[in-house]
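Understanding the architecture of this molecule
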Amino acid sequence: MKHFLTLALVGIALQASAVDRIVEEFGVPPAYANIAAAVSAAIDGDRIIIKNRAGDVPWIETINVNKSLEFLSFQDNGFFIVQGQWTMTGANGRVIRIIGMHNTSGSIIAAGTGSVAGARVSIIDSRFVQGNVQLNSDIFKVDVVGSTFLNGYVHLSFGNVIGCEMTSASGNDLIRYTPSSTAFQSDTAAVMGNIVLNTSTSGNGILCNTRAQVVHVRNNWVRHMNNGINVMGGNTQGVQNLVWNNTVQTTHTGTSHAIYLNSTASGSVWEVMNNVITAGAVGTRRGIYNGGGNSGQINVYWNVVDAGMTVTISPTGFTFVGNNTTDQPVTLEADGSLPPGSPAIDGVNPAAPFYDLDLSFGDGGAYGGSYTLDNFHPKHTGAARVYLAGHPYNIREGATLRVKANAWDR
């Protein structure tokens, strides 16, 4: 008991020593004149609170974050405006949180060493005008939440991309998971509620090539010119990987694939369900496509694919194909929602767990089911926000209801 009390007191003392460090233009102590000076003076657990410069001129700095710190705007529910590259230097147990960054030109990149997923980074409610999140190092587990990339992308090894909006013509994959490690982490990569527009004829809207985690690609609105959603690998523990309730539209006049499955791993299971696929251009348009080399179990059911696709669903190579709608035209509103009379309205898996939030039969696509795209947008509305909730799909009388939620606050 004495040892326990000693450890508890040490923890309280360390927490009490963490402080808020204010950054302001021409800062006079105890404020700091730039962000780098505040980072240099900080200790683990400090918050760096940044006042914007006069006229919202960006803080033009190259920043190396090598401590457990939180960065946020001095303005309530506002952005702190910066320009430049920020390097996250990982180490086991390090936790870095960025809330409300507006970076006019610069990316967040990785450095450091550590064990797999030993460092945590959260990038929340931020805006990147010309820049990316490139934390595709196995030492990082990253949450990118509610952020906008006007010309950029997110590349990770581990973590979640939830409720973001991104556009890019760079030819890169917009959301990509490619860890080096194949050791299963008993973890889920949630790619959910994102609006993705790839205007290049190369690269993928979403690419997941991982054996180290379970993949949930759900309720995304993807427009693409090459591959919309491309999945490979997959955990070999037999835990289901879900590609559910996505809306995918090609805008390319050449060859394109909406959902492309290739080189899935032996022992992996992929469930492709309740997706809506259509085309906004004429070309060789393939819907749910077997790209070859698949060794995993792939079940394709209750999807709605525009009858005008060159290939609606590959006729061979999948484990199960059934209950799909492929004989009707599919159109979309400008925001990817379904117009009245769409075959995808009340037209996918009718089981109760997949009902819409109004308890009607499930709609296909990004706005259908309990994780509807409306849950994640609009962004940048200020205040606290619950950005993901986990809950049982079926509730029985007398059973305990357990809901787990992830949230952020400034």
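Residues numbered from 1 in each chain as written. Predicted model: local features only at pLDDT ≥ 70, side-chain atom pairs only at ≥ 80, totals over all residues. Heavy atoms only, no water.

1. Things to note about the nonpolar core
This is how the line gets drawn: The criterion is simple. A nonpolar core is a set of buried Ala, Val, Leu, Ile, Met, Phe, Trp, Tyr and Cys residues joined through side-chain atoms within 4.5 Å. Each residue gets one of three labels from its accessible area relative to the maximum for its type: buried under 20%, exposed over 50%, partly exposed in between, using a 1.4 Å probe on protein chains only. In this analysis, two residues are considered to be in contact whenever any of their non-hydrogen atoms come within 4.5 Å of each other.
Core analysis: the biggest nonpolar cluster contains 66 residues, and I35, F71, W86, M88 and I288 have the highest contact counts within it. What I288 contacts, discounting residues up to four positions off in sequence, is I259, L261, V272, I277, V300, N303, V305, T312, I313, S314 and F318. Counting 13 residues, the second-largest nonpolar core is a separate cluster that includes L72, I99, V145 and Y387.

2. Section: the environment of G390
Heads up, the condition is: Only DSSP runs of H or I reaching four residues or more are called helices, and only runs of E reaching two or more are called strands; each is numbered from the N terminus.
Inspection of the secondary structure assignment puts G390 in strand β36 (residues 385-390). The class for G390 is partly exposed, based on a relative accessible area of 29%. Separated by 170 residues in sequence, G390 and N220 have C-alpha atoms that sit 17 Å apart. Once residues within four sequence positions are removed from consideration, G390 is found in contact with Y371, R402, V403 and K404.

3. With respect to the packing of aromatic side chains
Selection criterion: Each Phe, Tyr or Trp ring (for Trp, its six-membered ring) is paired with any other whose centre lies within 6.5 Å, and the angle between the two planes then decides the class: stacked below 30 degrees, edge-to-face above 60, tilted in between.
In the structure shown here, the tally under the stated rule is 7 aromatic pairs. Between the aromatic rings of F128 and F149, the centroid separation amounts to 4.9 Å while the plane-to-plane angle is 0°, which identifies the pairing as stacked. Taken together, the residues span a long stretch of sequence, with F128 in strand β12 (residues 127-128) and F149 in strand β15 (residues 148-149) at a distance of 21 residues. Accessibility expressed as a relative area gives 1% for F149, which makes it buried. When the ring of Y301 is compared with that of F320, the centres are 6.2 Å apart and the planes differ by 65°; the resulting orientation is edge-to-face. Remark: F320 occurs in strand β35 (residues 320-322) and Y301 occurs in strand β32 (residues 297-301); sequence separation between them is 19 residues. For Y301, a relative accessible area of 16% puts it in the buried group. Residue classification places F320 among the partly exposed residues on the basis of a relative accessible area of 40%.

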